[in-house]
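# Chain and residue survey
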Amino acid sequence: MRVLVFAVTIFLLFLFGVPAQASQAEPPGQKAGKYSRWFYPSQMSYGPIEDGTGNIGSGPSPGAFLTLPFMGPHYITSLFDHCYPNYTSDNRLCRYDGTTVSKSVGGIDPTFDAGFAQTPGQHDYLYYDGHDGYDYGLYYEPVAASAGGTVMLANWLDPNCHSCLSGQTIEINHGNGLLTFYGHLSQILVSKGQYVSRGQVIGISGMTGTATGPHLHWGVYKMNGGGPIDPYGWSGSYPDPWGKDIGDLWLTGSPRYAGIAMPSVSVAASSQAEDPTAIDVSWSSPGGRTRFNVYVVRQDGSMTLWRSSGAGSGVFRGSPGQRYWFWASVTTDLGWSDARGSTVVPVPVINHGEAQ
Ligand SMILES: [Zn+2]
């Protein structure tokens, strides 16, 4: 039963795929002045973009445990409907702070009939009626575990239908009666039963399943079919219409990135004064356990792996009259990566022991 209800409800509004317009330009021939949803009206009181600094005005509940499922600023394209997050349409939407929009008062978004304006006649639409999680405008980008836990699903939500539901999906059991859910992934990088850490890259976002554009669907659910809850809790001035909520579950009371060290490669290369064919190369990055691949790039464009190690240094032997540069890529133990190139180092032609 739970599975059926879950499947049906998810199916109904993954159809709408709110973030689709994120990556689309105005369609050819569209009349000037027509509202287009890719403007992304702000879904939150603190703005349209989740940049890890938003303040939702409430404090963490005793069980707070979540950080954002990505790193870096991203649009919030749909939010959790407290009345009611069951993918059925009741022509209104209630945000965690009590803001309520409806078809009858604000009017519908003409491009998406599950979004309603906050101000009649304006385009400050909130999305979307019946949604049971949050959608973020991720475009084939790393998805981070919102807390430590054990992977309980890392597969197609419906293995027999890759265009159904949330497509490639990960669920993490956090051991506190709650799971987090990550849908529409293009790649899954973990497997069932694996323990993952907060901030670990678990997959790459995408648009598998029923989605009209790349985005991450992220939600928090009670285990064993207990249903969705809003990690923002409820701070409205009237009773929470969705009685399952258990408070503000953001670790610090507001959405923040995981407190992890992100890689940022530094790579330096210079030839030794006394022997210009000897090129000193060094590479490093913030963060603990990192793994580097360092490539040498020659002036004919060829690129070959030179070192595979942790942060470090080495001496590369060049040939006179050639130019070299070095490309260092790093991956952290949590799966984040970065890469950068050095400056170009010319090795002078040697005549009679002297550099020209
Ligand atoms: Zn969604």
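Residues numbered from 1 in each chain as written. Predicted model: local features only at pLDDT ≥ 70, side-chain atom pairs only at ≥ 80, totals over all residues. Heavy atoms only, no water.

## Considerations on the overall build of the chain
Here is the rule we go by: Starting at the N terminus, helices and strands are each numbered in turn, a helix being any DSSP run of H or I of at least four residues and a strand any DSSP run of E of at least two. Each residue's exposure class comes from its accessible area (1.4 Å probe, protein chains only) as a fraction of the maximum for that residue type: buried when under 20%, exposed when over 50%, partly exposed otherwise. Here a residue-residue contact requires only that any non-hydrogen atoms of the pair lie within 4.5 Å. The Shrake-Rupley method, run with a 1.4 Å probe, gives the accessible areas here. Residue values count only the displayed protein chains as cover.
From N to C terminus, the chain includes one helix and 27 strands. Within the chain, the fraction of its 356 residues that count as buried is 49%. The long-range fraction of contacts in the chain, counting pairs at least 24 apart against all pairs at least 6 apart in sequence, stands at 64%. By element, 54% of the accessible surface of the chain is carried by carbon and sulfur atoms, the whole surface being about 15,400 Å².

## Side note on the confidence of the model for the chain
To be explicit about the condition: Across the chain, each position has a pLDDT score giving the predictor's confidence in that residue, from 0 to 100.
For the chain, mean pLDDT is 89; residues scoring 70 or higher make up 88% of the total. A low-confidence stretch, residues 1–27 (pLDDT under 50), is modelled with 62 contacts involving residues beyond four sequence positions or located in other chains. Of the regions scoring below 50 in pLDDT, residues 29–33 engages in two contacts with residues more than four places distant in sequence or in other chains.

## Focus on the sheet that holds strand β19 (residues 278–284)
Quick reminder of the rule: Only strands joined by at least two bridges in the DSSP assignment are considered to pair. The axes are straight lines fitted to the C-alpha atoms, using for helices just the contacting stretch, and the angles between their N-to-C directions are given from 0 to 180°.
Read across the open sheet, the three strands follow the order β18-β19-β22; overall the sheet is antiparallel. Each edge of the sheet is formed by a strand with only one pairing partner; in this case those strands are β18 (266–271) and β22 (312–317). Direction aside, the axes of adjacent strands within the sheet are offset by 20 degrees on average. Across six bridges, β18 lies against β19 in antiparallel orientation. Looking across to β19, one finds that A268 is bridged to S282.

## With respect to the sheet that holds strand β5 (residues 108–109)
If you walk across this open sheet you meet the three strands as β5-β6-β7, and the pairing is antiparallel. Only two strands of the sheet have a single neighbouring strand rather than two, namely β5 and β7 (125–126). Both β5 and strand β6 (residues 112–117) contribute to a ladder of two bridges, which runs antiparallel. Among the inter-strand pairings, D109 is bridged to a residue of β6, identified as F112.

## Notes on the coordination of the zinc ion
Basically, it comes down to this: Distances define the donors: N, O and S atoms within 2.8 Å of the metal qualify, as do those within 3.2 Å of Na, K or Ca. Water is excluded, so some sites may look unfinished.
Around the zinc ion, the protein contributes the donor atoms H131 (NE2), D135 (OD) and H217 (ND1), which lie 2.0 to 2.2 Å from the metal centre. In the primary structure, the donors to the zinc ion are separated according to the pattern H-x3-D-x81-H. Looking at H131, the relative accessible area reads 0%, which means it is buried. By relative accessible area, D135 is classed as buried at 1%.

## Notes on the packing of aromatic side chains
Definition in use: Side-chain rings of Phe, Tyr and Trp (the six-membered ring for Trp) are treated as a pair once their centres are within 6.5 Å; stacked means planes under 30 degrees apart, edge-to-face means over 60, and tilted covers the remaining angles. Either the NZ atom of lysine or the CZ atom of arginine qualifies as a charge over a ring when it sits within 6 Å of the ring centre and within 35 degrees of the ring normal.
Under the defined criterion, the tally for this structure stands at 18 aromatic pairs. Consider the rings of W218 and W250, whose centres lie 5.5 Å apart with planes at 25 degrees: the pair is stacked. With W218 in strand β16 (residues 216–222) and W250 in the loop between β17 (227–229) and β18, this residue pair connects regions lying 32 residues apart in the sequence. Accessibility classification places W218 together with W250 in one group, the buried group. Through pairs of rings, three or more aromatic residues link up here, namely F70, Y96, Y134, Y136, W218, Y232 and W250. Over the aromatic face of W306 sits the side chain of R307, whose NZ or CZ is 4.2 Å from the ring centroid.

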